Amino acid sequence: MPTVRTHPVRGLGAKIRWPSQIPLFKTTNAAASSSAARGGSVVVERSSRRERMAEKKGRTEMEVRPDGVAVIAVANPPVNALSIDVFYSLKDNYEEALRRNDVKAIVVTGKEGVFSGGLDINTFGVIQRNKAEQLNDYLPIDTMASTLEAAGKPSVAAIDGFALGGGLEISMVCQARISTPTAELGLPELQFGVIPAFGGTQRLPRLVGLTKALEMMLLSKTIKAEEAHQLGLVDAIVSPDDLLDMACRWALDICESRRPWVHTLSRTDKLESPDEVREILKVARAQVQKQSTNLQHPLLCIDVIEEGIVSGPRAGLRKEAIVFQDLVFTDTCKSLVHVFFSQRAAPKVPGITDIGLMPRQVAKVGIVGGGLMGSGIATALMLSHYPVILKAVSEKSLNAGIDRIKEQFRKGRNVSLHSLLSANLQSQVRKGKMTEEEYEKTLSLLTGVVGYESFKDVDLSVVEDVNVKQQVFADLEQYCPSHCVLATNTSTIDLDLIGGKTNSQDRIIAHVMPLLEIVRSKRTLPQVVVDLLDVGKKIKKTPIVVGSCTGFAVSRMFTSYTETALLLVDCGMDVYKIDQVCTEFGMPMGPFRLLDLVGFGVALASRMQYPENSSVSVNKSMLVPLMLEDKRTGEASQKGFYKYEGNRKAIPDPDIIKYVQKSRSMARIMPDNELLKLDNKEIVDMVFFPVINEACQVLSEGIAIKASDLDVASILGMGFPQCRGGIMYWADSIGAKRIHAKLSEWERKYGQFFKPCSYLSERAEEGVPLSAAKNNANAHL
Ligand SMILES: C[C@H](O)CC(=O)SCCNC(=O)CCNC(=O)[C@H](O)C(C)(C)COP(=O)(O)OP(=O)(O)OC[C@H]1O[C@@H](n2cnc3c(N)ncnc32)[C@H](O)[C@@H]1OP(=O)(O)O
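Quick caveat: nothing in here was measured; it's all calculated off a predicted structure.

**Student:** I'd love a proper account of the pattern of salt bridges, names of residues and values included.
**Tutor:** Tallying each qualifying case throughout the model produces 32 salt bridges. Measuring nitrogen to oxygen at the nearest pair gives 2.4 Å for the salt bridge that ties R59 to E61. The exposure class assigned to R59 is partly exposed, which follows from its relative accessible area of 44%. Connected through salt bridges with shared partners, the residues K104, D253, E256, R258 and R259 form a single ionic network.

The following block contains the structure:
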């Protein structure tokens, strides 16, 4: 049974401070003189006031119903984010509701089917720009919760749509939460490098238990209404039409003692026993240390939760506030906020998405080839409810393709190649993640064919067989209707080559997983791009639109990464040391482990695609060809840079030294067979500065439209660490000048491979950030 109280608790809200009582926007003498004593903070306060005025957005609206319930609704579309203005408005409405005699109880809700997407993420930037001493001025961390908890009238949250971060936290202060079946609840603050700061670290474990709370916070995992109800986070689920009435009735029931006045912070019934708590925290810490070596905030989150359990919720709340205040100023938080907005900016393409085009409905998709990629794409589409026609050359390969689809994985966001390879749809059914009924329904969307006849009514065709792309496109042109978008999943080949045998180059487009890199040639119609952006959103991928050239954006950066690593080995560096340093930097795997996974055949074939004199072609390392000669092909043959014995564990292989030595003697980069020696930081610089150089080149050629698209592409396409904000963001944190100086030095010592491109040279000379928008008209889009 939950611990309940039959009257309002006043203990916690000992001193209520509404935002207006904080000297935020007041130019009081006291504030001015203390600011002056700190040396110039008055300027900060003025600029913050200006900034706030400029960014004023959102409010709450209050309506008092005849039954005596004040319904306060957040109105800040599209996700009802909690901006500073929303907080002030909420405070005004709450004060009024508490004051009015005709109000017995309060219901908090959100307008337009969304409770709240949490703190307005722009607030992080406002806080950061205005320095630490102003933090409490901006975020009324201790006020909202204290006021709601100390109020003499009960509050109930009526939740439809998202209740995330600060949104869920406000609802957890209420005495009850009623939701619709489609509501989604979570505390995803860790995805911004911070921890929940409105008491979430203390209240969630008390409502759902420590294990579930840790899972939700550490993984930034949202849960659906039904699970929330089973856990006790939601008290009742009702239809959207009944939501407000039910919440109001619940609030009145509390008021009239027909239901208990539940005080979340006083509850202990959901918390595990002290021994279990110790064990759970130990396991959580070990997992976090293993998985997020570079990140401090997940561990700090665990510390804060522990403080609340060991020393009580007041101590926990205090620690939560202190930790949040520190974390919000970290580079990790800044980088992750940048990534969030970059991902949302990516689908906005000037000249395409701002000219009033509406996406056409894609009712059916045809896929040619049921190999790994074809079946993976089919699975992703079917999971988003698209009917799919899968065409193979024979019954045998068709059946193999269909079997592969059956085995493939049901996953929401970010279906990765890795997950497609390693998981299986039927096992999801066994594990209960998908019901038999859902499985059958999903499979019924698939039709297998060996001829093109059924393609006459498809709207989108995807081609996966690299070798026959040209011919397939020519065939598709004959069979598909004229509006059908022709798409291909190449990661390297120029679209103009693929479409060479067709007259339909205005409807050809390509994609790479897990990022949807929508590649348009100069002749692809804007309507086709808009259609694909819509499909991308529906299959829950992050799209970026790039111009066509060999390698597009992702493969060019990716190839630069692996080629640099090969060159460093030819200079004398150790294969395994490079991999270790790169994973410590935050890459999911080092370049050599990655080459093993991709396979040497594929790696060499894609290297061959690059035109003469491109940075890739300049590197002539023979290391991979030498290993390939000996039938070492990578993980598939259980022998590459590592050896693999039955499972996927990569074991360093001393045998590779003979190939390394031979490759070095052929490359002859170092004078007198000297071996290059670098410390860890130098290895990071030397591996990633050429990637930055390639990214700059991609930007200057107009293959990518904006630098932030390359940040998204580098994170989702090649695994660049999110906490560093993406390749261009990270580059700017180092500075063009230093990167240019280093590349120039290496060019002198080790050759043309390191030659800085003119974009980088110019920006270094002018002192302009690499990500600053450029003036020149781009060539490819
Ligand atoms: C003190 C507290 O503990 C700290 C916090 O609360 S931190 C914030 C916690 N909240 C979150 O992490 C939620 C972040 N938002 C999301 O995950 C997703 O936007 C969502 C699940 C709410 C909605 O997803 P979806 O429907 O796909 O819409 P999406 O495109 O992401 O967002 C729609 C718009 O709302 C904006 N937005 C979403 N959440 C926002 C937020 N919390 N603040 C400001 N803007 C937000 C997006 O930038 C986007 O703007 P745009 O149209 O100008 O590009």
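That covers the picture; the talk isn't over yet.
**Student:** I'd like a rundown of the site of the ligand, residues and numbers included.
**Tutor:** Contacts to the ligand come from 24 residues, most closely from G166, E169, E189, R344 and K348. Side-chain polar atom of Q191 to an oxygen atom of the ligand: 2.9 Å apart, as the coordinates give it. Taking R344, its side chain carries an N or O atom lying 2.8 Å from an oxygen atom of the ligand. Protein chains bury 78% of the 990 Å² of accessible surface belonging to the ligand in isolation.

**Student:** I'd love a proper account of unusual backbone geometry, names of residues and values included.
**Tutor:** Cis geometry marks the peptide bond from P77 to P78, where omega comes out at 5°. Relative to the assigned elements, P78 resides in the loop between β3 (69-75) and α3 (84-99). Non-glycine residue E112 carries a positive phi angle of around 55°. One can find E112 in the loop between β4 (105-110) and α4 (122-129). By relative accessible area, E112 is classed as exposed at 76%.

**Student:** How would you summarise the nonpolar core if you had to cite specific residues and measurements?
**Tutor:** Most often, soluble globular proteins have nonpolar side chains that are buried together. Counting 82 residues, the largest nonpolar core has I578, F592, F641, F688, L710 and L770 as its most contacted members. With near-sequence residues (within four places) excluded, F641 lies in contact with L566, V575, Y576, F592, L595, D596, F600, L623, V624, M627, D653 and I656. Counting residues in hydrophobic clusters, the runner-up holds 66 residues, among them L90, F192, L233 and V277.

**Student:** I'd like a rundown of the pairing of strand β19 (residues 543-547), residues and numbers included.
**Tutor:** Of all 5 residues in β19, 5 are buried, a share of seventy percent or more. Every second residue of β19 is oriented toward a common face, with P543, V545 and G547 on one face and I544 and V546 on the other, all of them buried. Of the strand pairs in this sheet, strand β18 (residues 516-520) and β19 are connected by 5 bridges, and their pairing is parallel. By the bridge assignment for β19, E517 is matched with I544. Note that the unit made of β18, helix α23 (residues 526-538) and β19 has a crossover that is right-handed.

How each quantity is defined
- Residues numbered from 1 in each chain as written.
- Predicted model: local features only at pLDDT ≥ 70, side-chain atom pairs only at ≥ 80, totals over all residues.
- Heavy atoms only, no water.
- Salt bridge = Lys/Arg side-chain N within 4 Å of Asp/Glu carboxyl O.
- Buried < 20%, exposed > 50% of the residue type's maximum accessible area, 1.4 Å probe, protein only.
- Near = heavy atom within 4 Å.
- Polar contact = N/O pair within 3.5 Å; in protein donor to acceptor, adjacent residues only side chain to side chain.
- Areas by Shrake-Rupley, 256 points an atom, 1.4 Å probe, with all protein chains shown as cover.
- Helix = DSSP H or I, 4+ residues; strand = E, 2+ residues; numbered from the N terminus.
- Core = buried A, V, L, I, M, F, W, Y, C linked by side-chain atoms within 4.5 Å.
- Contact = heavy atoms within 4.5 Å.
- Pairing = 2+ DSSP bridges.
- Right-handed = clockwise from strand over helix to strand, strands pointing away.

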